[in-house]
Structures are given as structure tokens and as C-alpha cells.
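Chain and residue survey
Okay, here's what each chain looks like letter by letter:
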Amino acid sequence: MKKGGILALIFISVVINYMDRTNISVAAAAISAELNISKVEMGLIFSAFAWTYSIMQIPGGMLVDAVRIRILYPFILVAWSLVTVFQGLVSSVAALIGCRMAIGFFEAPSYPANNKIVTQWFAEQERAGAIAIYTSGQFIGLAFLMPVLAVIQEWFGWRGLFVVSGLIGIVWAVIWYIFYKEAPDEQKKDQPGVAQANLQTPEHSPKHLPKQTPVSWANLKLAFSSKKLWGIYIGQFCLGGTLIFFLTWFPTYLAEYRGFSDLKTGFLASVPFLAAFCGVLLSGFVSDLLVRKGFSNELARKTPIILGLFLSSSVIFANYTDSTLWVTFFLSLTFFGNGLASINWVFVSLIAPKHMVGLVGGCFNFIGGLSAVIVPVLIGFLVQDGDFRPALALIAGLAFTGLFSYIFLVGKVETIEVPVTEAKA
């Protein structure tokens, strides 16, 4: 299978992944009305996904290292899709919370798996672009899926929305299993679509290729004791904090604090997501171009992330204007910066020991996932009197924290070397 086909499989999987994360927000009003669910209860339903998604990142990363991707990915796709279908059949708060937790549980290995696929299929100088392409799927989903899901709900009701969403995922799991082939390290050299250059580089030679790795407490200890790894973990948390603001409180900010109509809110809410989409694609391809031209990883990989986090801090300027144009500009610039920095997954494959790519990816996404648990609740306390200025200051502070983390903790971009005896522990 060619690399373009691999990216297409991951991209569509990411879109489906985010469809099943966001369909609950489209259905929320109808669910609340039919089942008489309060705002507090709906808040718990919203947050339930992040509880298990975050907790399962590390076990999910270990699973990615231990199980072949061609088997694992269709399994988790079918699992979370079946729960999505079941979500359309329940009629209680407890059952809805349980379904959201189950979806988070089964989606947890997906992003570590995406990163491992890219690590195995793409040479180092191609990875940022590949990551940018599949990461852009989440922004495309967030920008364009909302109206599509709304139409599905209009036709089939909120229960039908979950059933249709789940069935789409199940069909896609079958397509994935049929068309996905194991990465170059599992293939013969003469398989069509596998570049000989990739197979012959040290990175793809039999001695250096990532293999299925048993669960090891020594590996887990290393994943949480490295300053470099903590640098990218903190950066992911800060990026996740900005993303979760746009996923949760942003429409409320536009409607209640800025006083925009529902139609205007819907239009303006899509603009920052399109900006983020442009940011992540620009960052990925420029970063890979710089690598191919011989620039160091410090310049080619870190510069887009540091610049992106710096631009994300511009959200603070929205506190000092009443102009709709300037508010939209600063929020779009913020999310554009978030998109620029979203190639940070490339640091997992650049820094993590080769036998720990899945585990480190799980730790990385676990810390990032905690932002979805913490930041919405913290913002809720900050805006309880209706003033969103402290919330925007929080987002700006997170951006600067992530920026300093990449500068002072990550340091030189190089793979963490593990002695052979320790790697086998």
C-alpha cells in the first residue's frame, strides 16, 4: 500500500474519531428536553469521555507497542462504534455517562496508534507533514461536521444520530482491515508501494525497527523520569487546554459574553477552526521542507511549535476590544497558532526510545487529555459571574507555559538512548 493511502486511512479515522466525540454536543439540547436532564448532569455527561480517555492513554500506548496495528485499529473502531450505537438506545443519565466513558476507553489507543503508523511508514524528514495531514482531520471535523450531524439529527432524531454515527464507524473498520497493510518493518522488501530507500535506511533496518514490545515497568519509569519527555508532555497539556476551550466554552463565550445571535455564533465559531486547519498543514509541510534542506531539528521542528504557542497567547488581546472583527481575528490567530504547534506529535518519534514509541505516545496523550478534564472545570469557576476575561488570561498563560517548556525542558532534539540491559528489563 502506498503512503498516500496510509495517510487517507488515518485521516478518515481521525474524522470519525472526532465525529463520535462531538455528536453528543449536537444532540445535547434534544437529549436534555426528552430525558429532563439538568445543565449540571449534562456537564457530567460531556466530561465523562475525558475521564477514561486520559486514564487509558498509558495502557493504550502499551497496547499499541504490543499488538499489530492491523488487528488493533479495527477492533477499537468497532468497539467505540458499537457503544455509540448503544448510546442511542439508553434513557438515563447513568447510562449516558457510562457510554461516554466507554467511548473514551476504546478511543484511547487511537492517537498513539496513528503516531506509530507514521513512525513506521515515513522517514524522519516526512513525518511532520504526515502528522499535519492526519491531525488536520480533527480541525476539519470540528469545522464541518457540526452542520452534517445536525442534518442527520433533523432526519433521524438524536437517537438516530448516534446509530448512524456508530454504523459509519463499523463500516469504516471493515474497510480499514481490508486495505491496511502492515508497516515496512513487517513487509518483504519487494512489496509494492514500499520504498526501498526506506527499508535500507538505518531507521528501517531490522536492527532499528520498532517491534512489538512487552509491557515493562522499567519502560514506564523511564517515560516519566525524562526531562525531555516532560517538556513535550507539558506542551501537549497546554495545547490541549486551548483546544478544549474552543471545543467547550467558545460558543458560550460568543453567545453570552459577546451577545452574538445563534446564526452569527455558528458562523464565527467555524472561522478559528479553519485557521487551525491552515496552521497545522502549513507547519507540517514547511517543517519537513526545512528538514529536507538540511536544517536541524531544533529549527525545523521546534520553531513552528514555539511560534505557534507564542501566537496562541494573542487570545489575551480579545479582552481589550469590543469589535467583532478584531475579536474574530485574535481568536482565529490563537487557534492558527494552536494548529502550527499541533505537529508536536513528531517529537514522540524523535525523542522516545525506539522500543517505546507507543508507550511515550500514550503518556504524551494522557497528560494532554488531562487538560480536557481540568481546563473546562477551571474555566467554569472563572466565568461563573459572566466575565470571560480571566478565562482568556488562563489560555494565554497556558500558551506561554508550553512555550517555555519546549525551550527549557525539551532542549536539544535527540532520541533518548537506553542501554540494552535496561531496554530488556
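Residues numbered from 1 in each chain as written. Predicted model: local features only at pLDDT ≥ 70, side-chain atom pairs only at ≥ 80, totals over all residues. Heavy atoms only, no water.

So the rule is basically this: UniProt positions are given in the numbering used here, feature names are shortened, and annotations may be inferred rather than shown by experiment.
Looking at an unreviewed UniProt entry, the protein chain carries the name MFS transporter, with the source organism given as Catenovulum sediminis. Under Subcellular location (unreviewed entry), UniProt gives the following word-for-word description of the protein chain: "Membrane". Quoted verbatim from the Sequence similarities (unreviewed entry) field of UniProt, the annotation for the protein chain is "Belongs to the major facilitator superfamily. Phthalate permease family."

1. Quick word on the confidence of the model for the protein chain
Applicable threshold: Values of pLDDT, the confidence the predictor places in each residue, fall between 0 and 100. Here, residues are in contact when the closest pair of their heavy atoms is within 4.5 Å.
Mean pLDDT over the protein chain works out to 81, with 86% of the residues at or above the 70 mark. For the stretch residues 188–192, pLDDT sits under 50, and the model shows six contacts to residues farther than four places along the chain or on other chains. Across residues 194–210 the pLDDT falls below 50, and counting only partners more than four positions away or on other chains, this stretch makes 33 contacts in the model.

2. A closer look at the environment of Gly279
Put simply, the rule is: Strands are runs of DSSP state E lasting at least two residues, helices are runs of H or I lasting at least four, and both sets are numbered from the N terminus onward.
Locating Gly279 in the fold gives a position in helix α12 (residues 262–292). When the C-alpha positions of Gly279 and Leu340 are compared, they lie 4.6 Å apart, and in sequence the two are 61 residues distant. In this structure Gly279 touches Phe336, Gly339 and Leu340, once residues within four positions along its chain are discounted.

3. Some remarks on helix α17 (residues 389–410)
Where we set the bar: An expected span of 1.5 Å times one less than the residue number is assigned to each helix. Buried means the residue's accessible area, taken with a 1.4 Å probe over protein chains only, is under 20% of the maximum for its type, while exposed means over 50%, and partly exposed covers the values in between.
Counted at 1.5 Å a residue, the expected span for α17 with its 22 residues is 32 Å, and the 31 Å between its end C-alpha atoms agrees. Those residues of α17 that fall on the buried side of the exposure criterion are Ala391, Leu392, Leu394, Ile395, Ala396, Leu398, Ala399, Gly402, Leu403, Ser405, Tyr406 and Val410.

4. Quick word on the packing of helix α3 (residues 57–66) against helix α16 (residues 357–382)
To be explicit about the condition: Axis angles are defined between N-to-C directions and span 0 to 180 degrees, where every axis is a line fitted to C-alpha atoms and, for a helix, only to the segment in contact. Comment on the angle field: the value is read as roughly parallel under 35 degrees, roughly antiparallel over 145, roughly perpendicular from 65 to 115, and oblique elsewhere. Each helix crossing is assigned a hand: it is left-handed if the near helix lies turned anticlockwise from the far helix by less than a right angle, otherwise right-handed if that turn is clockwise.
Direction vectors running N to C along α3 and α16 enclose 160°, while the axes themselves pass 7 Å from each other. Relative to α16, the element α3 is oriented roughly antiparallel. Crossing hand, α3 versus α16: right-handed. Between α3 and α16, the contacting residues are Gln57, Ile58, Gly61, Met62, Val64 and Asp65 on the first element and Val357, Gly358, Leu359, Gly361, Gly362, Cys363, Asn365 and Phe366 on the second.

5. Let's talk about the nonpolar core
The cut-off we apply is this: Residue types Ala, Val, Leu, Ile, Met, Phe, Trp, Tyr and Cys, when buried and joined through side-chain atoms within 4.5 Å, form a set referred to as a nonpolar core.
Counting residues in each nonpolar core, the largest one holds 124 residues, and the members touching the most others are Ile31, Ile117, Trp176, Ile232, Tyr233, Tyr253 and Phe347. Every residue in contact with Trp176, bar those within four places of it in the chain, is listed here: Leu9, Ile10, Ser13, Ile69, Arg70, Tyr73, Pro74 and Ile117.

6. A few points about the packing of aromatic side chains
Where we set the bar: Working definition: rings of Phe, Tyr and Trp (its six-membered ring) pair if their centres are within 6.5 Å, and the pair is stacked with planes under 30 degrees apart, edge-to-face with planes over 60 apart, and tilted otherwise.
Evaluated as defined, the whole model comprises 22 aromatic pairs. Judged by centre distance (4.9 Å) and plane angle (10°), the rings of Trp176 and Tyr180 are stacked. The pair formed by Trp176 and Tyr180 is uniform in burial state, with each residue classed as buried. An angle of 55° between the planes, with centres 6.0 Å apart, marks the rings of Phe224 and Tyr233 as tilted. Accessibility expressed as a relative area gives 27% for Phe224, which makes it partly exposed. What makes Tyr233 buried here is its relative accessible area of 0%. The structure contains a cluster of three or more aromatic residues connected by ring pairs, namely Phe245, Phe246, Phe273 and Phe335.

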